[in-house]
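One letter stands for each residue in the lines below.
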Amino acid sequence: MKQRPVTGMTPLRYLTELRMRLAAEWIARDQVSIDDAAHRLGYGSQSAFSRAFKRVIGRAPGSLRSGAAKAQEP
């Protein structure tokens, strides 16, 4: 039987979502490269990271970066 803590999701799902939210913050706010974010989270390739990111966040990491840049323009 799968455990579902107070979050209502499995521990693996919770951890994956947490990691992707951290990556989204790094990419949008801190201007960390997508490759560096993937490396920080232990992904062996940028493409594997990008697929997981899009599955969890709902958009590609590159689009998040361009959206953050547009928000900062005067």
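Anything mentioned here points back to the structure above.
Parameters and conventions
Residues numbered from 1 in each chain as written. Predicted model: local features only at pLDDT ≥ 70, side-chain atom pairs only at ≥ 80, totals over all residues. Heavy atoms only, no water. Helix = DSSP H or I, 4+ residues; strand = E, 2+ residues; numbered from the N terminus. Buried < 20%, exposed > 50% of the residue type's maximum accessible area, 1.4 Å probe, protein only. Polar contact = N/O pair within 3.5 Å; in protein donor to acceptor, adjacent residues only side chain to side chain. Salt bridge = Lys/Arg side-chain N within 4 Å of Asp/Glu carboxyl O.

Student: What's the story with the environment of Arg13 in this structure? I'm lost.
Tutor: Tracing the chain through its elements places Arg13 in helix α1 (residues 11–28). Classification of Arg13 as partly exposed rests on a relative accessible area of 35%. Measuring from C-alpha to C-alpha, the distance between Arg13 and Val56 comes to 9.3 Å, with 43 residues separating the pair along the chain. Here the side chain of Arg13 touches Glu17 through a polar contact of 2.8 Å, side chain to side chain.

Student: Please clarify how unusual backbone geometry should be interpreted in this entry.
Tutor: Negative phi is the rule for most residues except glycine; trans is the rule for most peptide bonds. Here the phi dihedral of Gln31 falls at roughly 55°; this positive angle occurs in a residue that is not glycine. By the element assignment, Gln31 lies in the loop between α1 and α2 (34–40). By relative accessible area, which is 39% here, Gln31 ends up partly exposed.

Student: Looking at this structure, I do not really get the pattern of salt bridges. What am I missing?
Tutor: A side chain of one charge can pair with a side chain of the opposite charge if their charged atoms are brought near each other. Enumeration according to the criterion identifies five salt bridges in this entry. The closest approach of N and O atoms between Arg40 and Asp36, which form a salt bridge, is 3.4 Å. Here Asp36 and Arg40 lie together in helix α2, a separation of four residues that amounts to about one turn. With relative accessibility at 30%, the residue Asp36 sits in the partly exposed group.

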